[in-house]
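A structural walkthrough
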Amino acid sequence: MSIPSDFIFACSTASYQIEGAWNIDGKGENIWDRLTHINPNFVSNNDNGDIACNSYYLYKEDVKLIKNIGFDMYRFSISWARILPNGDLTNINDAGIRYYHNLIDELLENGIKPMVTMYHWDLPQKLQDIGGWMNSLIVDYIEDYADLLFKLYGDKVKWWITINEPANIIAGYSSEKYAPALNLDSPANYIVGHNILKGHAKIFRLYETKYRLKQQGNISISINASCLLPKTVSKENEEATNQGWEFTLGWFSHPIFSKGGDYPEIMKKIIDENSKQEGRKRSRLPTFTKEEIQFIQGSFDFFALNHYITRLCSPGHPPFSSTYLKDINVNFEIDPTWPNSKAPWLQIVPFGLKELLRFIKYKYNNPPVFITENGYCESKGLNDIDRITYHREYIKEMLVAKEKFECNVIGYTAWSLMDNFEWKDGFEFQFGIVFVDFNDPNRKRTPKKSADFFKQLLKTRNIPDI
Ligand code: GBH
């Protein structure tokens, strides 16, 4: 199976997961620093990102690896608190600014295009102290930060992701899976989601009015989506699947990518009804004004998609473990025959990617789709045959979606370039195609077999057999 010559292959990382140097050269504290320091056993083995892959010092090695494997692009994120230690413009940190200039220059000198994520979950603690994503003023703060990034780096960076995975930022407020681990019931989830959508659109519109003419880049938001399928063919299961789509992917995609914008009808209807039943005066789902709907609708140059998993849907049944799950009212399951990874949530279901791409094409008018993450988890080791199988089979299904079903897929990104700090799982579970020795003070990097797979794929523009 050959790969079109203009198709982009990338690998990715995120600042808190790789950089380390958590308090070096003027970097401010972020919510992951705070949480892992005050509550060390939040993460498996009391791990934290204080040093991680030490990429603050070793970024040249990272670039060498990317170059050697042959990727066209590197997706990394900028640590907000490294640039703005207080989160706002009261302190602009030159050393932080220099670090990303150096990284970007190193990439460009090696012929690798940078794709920059502005926000991959490491909110400056000072902004969390005033409510973080629950405070609607966050929209202004992230706009100021984005404005600075465009000004600093926009001549060199042509691919921007405003925000990574709204659903998992929300999980930091509605559960204890991610920082700030507040475990708040709804409406916190919908308030956070509302501010994320507004913040994203503000950044996009800022680029339109102030930078696009000169900088000519592409901007989107990375939305994570599972592929959803009916558990068995039945009217009830198909309705549940539809509802599942609208409450997950649709929550963030419908306002941005659908023709009419705004939240999906079914979401508004159900949350309104449930809120009434709960005796509330207004819906837990905030309302957008007409102007806001238009402002958010169309705020994209492409569809940035993070995809890993598939789930089977049937109607939900109480008790629900959260009010959000009561709203969705769908039971999500896996097929026990699907092969597992080390992470309990991650099974190998390659055809799910094809189905998801077809769904996006049909639902959102065939936008250009850039897969900004996909990857496989094992414990440790260099001989990662399962990871090769995972990427190979998902890439194949993606190409079928592209060629046979005319889905407009333009890029594929492997998560991750290298083993790194896997959030609550610390260094226990790893997604890298390059092994990192976390016991070695030099954080020695060694390419795994899957790095060879990508190297061959990129050299031949064909899917290799290994
Ligand atoms: C990505 O998120 C992140 O962007 C990246 O930083 C991370 O390292 C990578 O994935 C690998 O995890 O309720 O137990 O089923 C993926 C997000 C993580 C979302 C697992 C769903 C399922 C938790 N997914 N989560 S569970």
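Preceding block: the structure.
Regarding the overall build of the protein
Counting its regular elements, the protein contains 17 helices and 13 strands. Against the compact-globule benchmark of 23 Å for 466 residues, the protein has a radius of gyration of 21 Å, which places it among compact chains. Considering only contacts within the protein whose residues lie at least 6 apart along the sequence, 77% involve residues at least 24 apart. Put simply, the protein shows about 18200 Å² of open surface, and 50% of that area lies on carbon and sulfur atoms. In the protein, which carries 53 positive and 58 negative side-chain charges, the distance between the mean positions of the two groups comes to 3 Å.

As for helix 8 (residues 166-174)
Counting buried positions over the nine residues of helix 8 gives seven, a clear majority of the element. Taken residue by residue, helix 8 has Pro-166, Asn-168, Ile-169, Ile-170, Ala-171, Gly-172 and Tyr-173 as its buried positions. As for helix 8, its buried residues are in contact with strand 3 (113-119), helix 6 (125-128), strand 4 (159-164), helix 9 (188-215), strand 5 (218-224) and helix 11 (249-257).

Considering the pattern of salt bridges
The full count for this structure, using the stated rule, is 33 salt bridges. With its nearest N and O atoms 2.8 Å apart, the salt bridge here joins Asp-419 to Lys-448. Taken together, the residues span a long stretch of sequence, with Asp-419 in the loop between strand 11 (409-415) and strand 12 (434-436) and Lys-448 in the loop between strand 13 (445-447) and helix 17 (449-460) at a distance of 29 residues. The pair Asp-419 / Lys-448 is uniform in exposure class, with both members buried.

Brief notes about the site of the ligand
In the region of the ligand, 15 residues are neighbours, and Gln-17, Glu-165, Lys-177, Glu-373 and Glu-422 sit closest. Contact between the ligand and His-120: an oxygen atom at 2.9 Å from a side-chain N or O atom of the residue. When the ligand sits alone it has 580 Å² of accessible area, and the protein chains cover 78% of it. Here the residues of the shell around the ligand sort into seven nonpolar, four polar and four charged.

A short note on the environment of Thr-36
Position of Thr-36 among the secondary structure elements: in helix 2 (residues 31-38). When the C-alpha positions of Thr-36 and Arg-280 are compared, they lie 36 Å apart, and in sequence the two are 244 residues distant. Among the polar contacts listed, one links the side chain of Thr-36 to the backbone oxygen of Trp-32, at a separation of 2.7 Å. Of the polar contacts made by the side chain of Thr-36, one reaches the backbone oxygen of Asp-33; its length is 3.3 Å.

As for the sheet that holds strand 8 (residues 310-315)
Taken in spatial order, the three strands line up as 6-8-9 in an open sheet, and their pairing is mixed. Lying at the two open borders of the sheet, with one neighbouring strand each, are strand 6 (227-230) and strand 9 (330-333). Between one strand and the next, the sheet's axes are offset by a mean angle of 40 degrees, whatever the strand orientation. For strand 6 and strand 8, the ladder comprises four bridges, and the chain directions are parallel. The residue bridging Pro-230 from the neighbouring strand is Cys-313, located in strand 8.

Brief notes about the packing of helix 10 (residues 235-247) against helix 12 (residues 265-277)
If you want to describe how two helices pack, look at the angle between their axes and the distance between the axes. It is the contact of helix 10 with helix 12, at a shortest axis distance of 9 Å, that shows an interaxial angle of 95 degrees. One finds that helix 10 runs roughly perpendicular with respect to helix 12. Residue-level inspection shows Gln-243, Glu-246 and Phe-247 of helix 10 in contact with helix 12, the latter providing Ile-266, Met-267, Ile-270 and Ile-271.

Overview of the packing of helix 7 (residues 138-153) against helix 9
Two numbers describe how helix 7 lies on helix 9: the axes approach to 9 Å, and their chain directions differ by 30 degrees. Between helix 7 and helix 9, the crossing angle belongs to the class labelled roughly parallel. For the element pair helix 7 and helix 9, the recorded crossing hand is right-handed. Together, Ile-138, Val-139, Asp-140, Ile-142, Glu-143, Ala-146, Asp-147, Phe-150 and Lys-151 of helix 7 and Asn-195, Lys-198, Gly-199, Lys-202, Ile-203, Leu-206, Tyr-207, Lys-210, Tyr-211 and Gln-215 of helix 9 make up the contact between the two elements. Residue composition of the contact of helix 7 with helix 9, by class: nine nonpolar, three polar and seven charged.

Here is what the cut-offs are and how they apply
- Along each chain, residues carry numbers from 1 onward, in the same order as the chain's sequence is written.
- This being a predicted model, a pLDDT of at least 70 is required before a residue's local features are given, and a value of 80 or more before pairs of side-chain atoms are given or counted; all residues contribute to the totals for chains, interfaces and linings.
- In computing side-chain properties, one takes all heavy atoms of the structure into account and sets aside hydrogens as well as water.
- We count a stretch as a helix when DSSP gives it H or I for four or more residues in a row; a strand needs E for two or more, and each element gets its number in order from the N terminus.
- Atoms considered for the radius of gyration are the C-alpha atoms alone. The globule rule reads 2.2 Å times the number of residues to the power 0.38.
- Between two residues, a contact is recorded if the distance between any of their heavy atoms is within 4.5 Å.
- Calculation of accessible area relied on Shrake-Rupley with a 1.4 Å probe; when residues are assessed, cover is drawn exclusively from the protein chains displayed.
- Note on charges: Lys and Arg go in the positive column, Asp and Glu in the negative column, and His and the chain ends are not counted at all.
- To locate a charge, take atom NZ for lysine, CZ for arginine, CG for aspartate or CD for glutamate.
- In this scheme, a residue with accessible area under 20% of its type's maximum is buried, one over 50% is exposed, and one in between is partly exposed, where area comes from a 1.4 Å probe on protein chains only.
- Should a side-chain nitrogen of Lys or Arg be within 4 Å of a carboxyl oxygen of Asp or Glu, the pair is scored as a salt bridge.
- The near set for a molecule or strand comprises every residue that places at least one heavy atom within 4 Å of it.
- Here a polar contact means two N or O atoms within 3.5 Å. Within protein one must be a hydrogen donor candidate and the other an acceptor candidate, and residues neighboring in sequence count only if both atoms are side-chain atoms.
- Classification convention: Asp, Glu, Lys, Arg as charged; Ala, Val, Leu, Ile, Met, Phe, Trp, Tyr, Cys, Pro as nonpolar; all other residues, Gly among them, as polar.
- A pair of strands counts as paired when DSSP detects no fewer than two bridges linking them.
- All axes here are fitted lines through C-alpha atoms, helices being fitted over the stretch that makes contact, and every angle between N-to-C directions spans 0 to 180 degrees.
- In these notes the angle categories are as follows: under 35 degrees is roughly parallel, over 145 is roughly antiparallel, 65 to 115 is roughly perpendicular, and the rest is oblique.
- Working rule for handedness: look at the near helix, and if it is turned counterclockwise from the far one by less than a right angle, call the crossing left-handed; if clockwise, right-handed.

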